[in-house]
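Fold and geometry: a report
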Amino acid sequence: MERLVSRLGDHDALLDFVDEHLGPLFDQPPPVRDRLLTTLTAFFDCSTNKTATAQRLHLQRQTLYQRLDRLSEHLGQDVTAAESAPALHLALRLRQAMSSLPHHRRPNLTGDEP
């Protein structure tokens, strides 16, 4: 993914995609944003298996369900739904890939001021 992103010249289109799908999370305070992004990343890393995600994050399942509900509220879509998962997963991976670009080419993907 990193190689593909680095070869694409128009990062604006990629940033627009990330912002379209994850933008509301960037408006949250950094600790909240980071916790929710970590939860969503783990959820997809565990193939959307809630039990495995809770174990990976060392959470009770109910706590994971609450975080997934908060993610859905912030993003305006059910993050656990099969129709929304692919775009959210891609947006997360693009964000990660773009964050690994050399500093002079890296866009701001946190919502924090540069």
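Quantities reported herein were computed from a predicted structural model and do not represent experimental measurements.

1. Focus: the overall build of the protein chain
Check the secondary structure of the protein chain and you find 6 helices and 0 strands. Here the protein chain holds 114 residues, and the buried ones make up 39% of them. Taking the contacts inside the protein chain whose residues are at least 6 apart along the sequence as the reference set, 59% of them involve residues at least 24 apart. Carbon and sulfur atoms make up 49% of the accessible area of the protein chain, which totals about 6,600 Å².

2. Brief notes about the confidence of the model for the protein chain
On average, residues of the protein chain score 84 in pLDDT, and 77% of them are at 70 or above. Ranking the helices and strands of the protein chain by mean pLDDT puts helix α4 (residues 50-56) first, with 98, and helix α1 (residues 2-7) last, with 55. Here residues 103-108 scores under 50 on pLDDT; set against residues more than four positions off or in separate chains, the count is 10 contacts.

3. With respect to the packing of aromatic side chains
By convention here, two paired aromatic rings are described through the distance between centres and the angle between planes. A full pass over the atoms with the stated rule returns 1 aromatic pair. Between the aromatic rings of Phe43 and Phe44, the centroid separation amounts to 5.6 Å while the plane-to-plane angle is 55 degrees, which identifies the pairing as tilted. Per residue, the accessibility class of Phe43 equals that of Phe44, and both read buried.

4. Digging into the side chain of Arg67
Within the secondary structure, Arg67 sits in helix α5 (residues 61-75). Residues contacting Arg67, with those up to four places away along its chain left out, are Arg35, Leu36, Thr39, Leu57 and Leu59.

5. Focus: the packing of helix α3 (residues 30-45) against α5
At a closest axis distance of 10 Å, the pairing of α3 and α5 adopts a crossing angle of 110 degrees. The orientation of α3 with respect to α5, classified from their angle, is roughly perpendicular. Here α3 contributes Val32, Arg35, Leu36, Thr39, Leu40 and Phe43 to the contact with α5, which in turn contributes Leu64, Arg67, Leu68, Arg70, Leu71, His74 and Leu75. For the contact of α3 with α5, a count of residues per class yields 8 nonpolar, 2 polar and 3 charged.

6. As for the environment of Leu15
If you trace the backbone, Leu15 turns up in helix α2 (residues 11-26). Overall, Leu15 belongs to the partly exposed group, its relative accessible area being 21%. For the pair Leu15 and Ala91, spaced 76 residues apart in the sequence, the C-alpha separation amounts to 8.9 Å.

Conventions used here
Residues numbered from 1 in each chain as written. Predicted model: local features only at pLDDT ≥ 70, side-chain atom pairs only at ≥ 80, totals over all residues. Heavy atoms only, no water. Helix = DSSP H or I, 4+ residues; strand = E, 2+ residues; numbered from the N terminus. Buried < 20%, exposed > 50% of the residue type's maximum accessible area, 1.4 Å probe, protein only. Contact = heavy atoms within 4.5 Å. Areas by Shrake-Rupley, 256 points an atom, 1.4 Å probe, with all protein chains shown as cover. pLDDT = per-residue confidence, 0-100. Phe/Tyr/Trp six-rings, centres within 6.5 Å; stacked < 30°, edge-to-face > 60°. Axes fitted to C-alpha atoms, helices over the stretch in contact; angles between N-to-C directions. Parallel < 35°, antiparallel > 145°, perpendicular 65-115°, else oblique. Nonpolar A, V, L, I, M, F, W, Y, C, P; charged D, E, K, R; others polar.

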